[in-house]
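Observations on chain architecture
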Amino acid sequence: MAVNRKVQTLDEFTIQQLRDVPNATGELSHLLRNIGLAAKRVNTEVNKAGLVDILGDVGTVNVQGEEVKKLDVFANEQFTGVLSHGIACAGIASEELDDYVPFDDVKSNNSKYVCVFDPLDGSSNIDVNVSIGTIFGVYKRKTPIGTVVTKEDFLQAGNKQVAAGYIVYGSSTMLVYATRRGVQGFTLDPSIGEWTLSHPDIKCPEKGKIYSVNHGNFFQYEEKVRNYINECQHKTKANGGPYTQRYIGSMVSDVHRNLIKGGIFMYPGTTDKPNGKLRLLYECNPFAFIMSVAGGRATNGKTRILDIEPTELHQRTPLYIGSKLMMDELETYLNA
Ligand code: AHG
Ligand code: MN
Ligand code: MN
């Protein structure tokens, strides 16, 4: 088989980046590598999701004698397990767990990063073969290296992230991650099990034609939001339209598409849930970081998402995120 050396792997890319940073320790590269490893395991399981009914229902014992777990529980165990056994993460907080988890062993306590994640995003789409994802954010801990991490290491504003990313388990599987230096997209080559650089230096187009929102909640949104959605529906060619509506119901897939094509994604507060549905730490902050490095923006309607000081691990926030000029236009409605 001919060797294709045009392909650059995730490891090669992060090691090459290290060469430009004189005092780098390689710990972040190691952490990304571990996230990539956990994601590959989840990917394998996601690809088998349709077989659960054949191999055994959730909660039953499958043909290998293993208990069949819900995919979001499985994903959570993979990410937590891989990161706790690595040397580059001192603890995690996950959407699936009530509290944060300090790893509390010598090698973990000596690492400088903590990680927050939504192990499986879009879980309502698992059973219907629609793209789902994983979202993660990485922070430098606030407590001293060598000690056990505490809650304050996780309750940091999104602007303190050193890296953030997501995996989309779609028609192909992609890992996209951002540091302050740029956003890079890698596609999994399943034949060799490697993440290969396919989307270098992703920039979100300043303007797009896609708006993504759950229209079913329309009459529960506040008037200013409804006015903006009306505007999206009435765009003519003369003022940049017509817009098109796309809403998968997996935030990872919806925001990934809008990041690449240009667009705006909204999960506003509703009369029942004034803070909306999405979690600040596990969903909004990582995407706000990625989008801002890519040239876009994210807000809760009043404050930049990245500037919100979290008070609880699982707090929710309304979210508006996307292309810069579309966000500007949205804000003329929200500030009216
Ligand atoms: P999760 O599966 O992690 O609970 O997240 C699902 C989220 C998000 O991915 C998506 O954008 C949103 O829920 C969709 O919610 P609605 O069905 O209320 O529109
Ligand atoms: Mn989610
Ligand atoms: Mn989830």
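Residues numbered from 1 in each chain as written. Chains lettered and ligands numbered in written order. Predicted model: local features only at pLDDT ≥ 70, side-chain atom pairs only at ≥ 80, totals over all residues. Heavy atoms only, no water.

Things to note about the coordination of the manganese ion (ligand 3)
Distances from the manganese ion (ligand 3) to its protein donors, Glu95 (OE), Asp118 (OD) and Leu120 (O), fall within 2.3 Å. When the donor residues of the manganese ion (ligand 3) are listed from N- to C-terminus, their spacing reads E-x22-D-x1-L. Here the manganese ion (ligand 2) and the manganese ion (ligand 3) are spaced 3.7 Å from one another, each receiving a donor from Asp118. (Donors = N, O, S within 2.8 Å, 3.2 Å for Na, K, Ca; no water.)

Considerations on the site of ligand 1
The environment of ligand 1 is formed by 16 residues, the closest being Asp121, Ser123, Tyr247, Met251 and Tyr267. Between Asn214 and ligand 1, the recorded distance is 2.8 Å, taken from a side-chain N or O atom to an oxygen atom. Broken down by secondary-structure element, the contributors of at least two residues to the shell around ligand 1 are strand S3 (113-121) and strand S11 (263-267). Take the shell around ligand 1: its biggest share by element is three residues, from S3. Class assignment of the residues belonging to the shell around ligand 1 gives a composition of six nonpolar, five polar and five charged. (Near = heavy atom within 4 Å. Polar contact = N/O pair within 3.5 Å; in protein donor to acceptor, adjacent residues only side chain to side chain. Helix = DSSP H or I, 4+ residues; strand = E, 2+ residues; numbered from the N terminus. Nonpolar A, V, L, I, M, F, W, Y, C, P; charged D, E, K, R; others polar.)

Considering the coordination of the manganese ion (ligand 2)
Of the protein atoms, only Asp118 (OD), Asp121 (OD) and Glu283 (OE) coordinate the manganese ion (ligand 2), at distances of 1.8 to 2.2 Å. In the primary structure, the donors to the manganese ion (ligand 2) are separated according to the pattern D-x2-D-x161-E.

With respect to the environment of Glu222
Locating Glu222 in the fold gives a position in the loop between strand S9 (210-212) and helix H6 (223-234). In the structure, Glu222 is positioned 120 residues away from Pro102 in sequence and 40 Å away in space, judged by C-alpha atoms.

Looking at the pattern of salt bridges
Per the stated rule, a full pass over the model turns up 11 salt bridges. With its nearest N and O atoms 3.7 Å apart, the salt bridge here joins Lys107 to Asp105. Residue class for Lys107 comes out partly exposed when judged on its relative accessible area of 36%. In this structure, the salt-bridge partner of Asp328 is Arg297, at a minimum N-O distance of 2.6 Å. Here Asp328, found in helix H9 (residues 324-334), pairs with Arg297, found in strand S12 (residues 297-299); they are 31 residues apart in sequence, far enough to count as distant. Residue class for Arg297 comes out partly exposed when judged on its relative accessible area of 26%. Connected through salt bridges with shared partners, the residues Glu231, Lys235 and Glu329 form a single ionic network. (Salt bridge = Lys/Arg side-chain N within 4 Å of Asp/Glu carboxyl O. Buried < 20%, exposed > 50% of the residue type's maximum accessible area, 1.4 Å probe, protein only.)

With respect to the packing of aromatic side chains
All chains considered together, the criterion is met by eight aromatic pairs. With a centroid separation of 6.1 Å and 5° between ring planes, the pair formed by Tyr177 and Phe186 is classed as stacked. Judged by centre distance (5.0 Å) and plane angle (85°), the rings of Phe218 and Phe219 are edge-to-face. Note on Phe219: relative accessible area 71%, which makes it exposed. (Phe/Tyr/Trp six-rings, centres within 6.5 Å; stacked < 30°, edge-to-face > 60°.)

Observations regarding the domain arrangement of the protein chain
When the domains of the protein chain are assigned, the result is domain 1 (10-199) and domain 2 (210-334). Taking the mean C-alpha position of each, domain 1 and domain 2 sit 24 Å from one another. Across the contact, 45 residues belong to domain 1 and 30 residues belong to domain 2. Taken together, the two surfaces of domain 1 and domain 2 that pack against each other cover about 2600 Å², and 66% of this comes from carbon and sulfur. At the junction of domain 1 with domain 2, the criterion picks out 13 residue pairs in polar contact (both at pLDDT 80 or more). Elements supplying a minimum of two residues to the side of domain 1 that touches domain 2: strand S1 (91-94), S3, strand S4 (132-140), strand S5 (161-169), strand S6 (173-179) and strand S7 (182-189). (Domains from an automatic or database assignment. Contact = heavy atoms within 4.5 Å. Buried area = accessible area lost by both parts, 1.4 Å probe.)

Quick notes on the sheet that holds S4
Strand order in the open sheet formed by eight strands is S2-S1-S3-S4-S5-S6-S7-S8, with mixed pairing between adjacent strands. Of all the strands in the sheet, the pair left with one neighbour each is strand S2 (101-102) and strand S8 (194-199). Bridge analysis of S6 against S7 gives six bridges, and the strand direction is antiparallel. Its bridge partner lying in S7, Thr179 is registered against Gly182. Along the sheet, helix H7 (residues 251-261) makes contact with S3, S4, S5, S6 and S8, crossing S5 at roughly 105°. (Pairing = 2+ DSSP bridges. Axes fitted to C-alpha atoms, helices over the stretch in contact; angles between N-to-C directions.)

Comments concerning the environment of Gly322
One can find Gly322 in strand S13 (residues 319-322). Put simply, Gly322 and Lys207 are 115 residues apart on the chain and 8.8 Å apart in space, counted from C-alpha to C-alpha.

Regarding the side chain of Thr196
Take Thr196: it is sitting in strand S8. On the accessibility criterion, Thr196 (13% relative accessible area) is buried. The residues contacting Thr196, other than those within four sequence positions of it, are Val7, Gln8, Thr9, Gly185, Phe186, Thr187 and Asp189.

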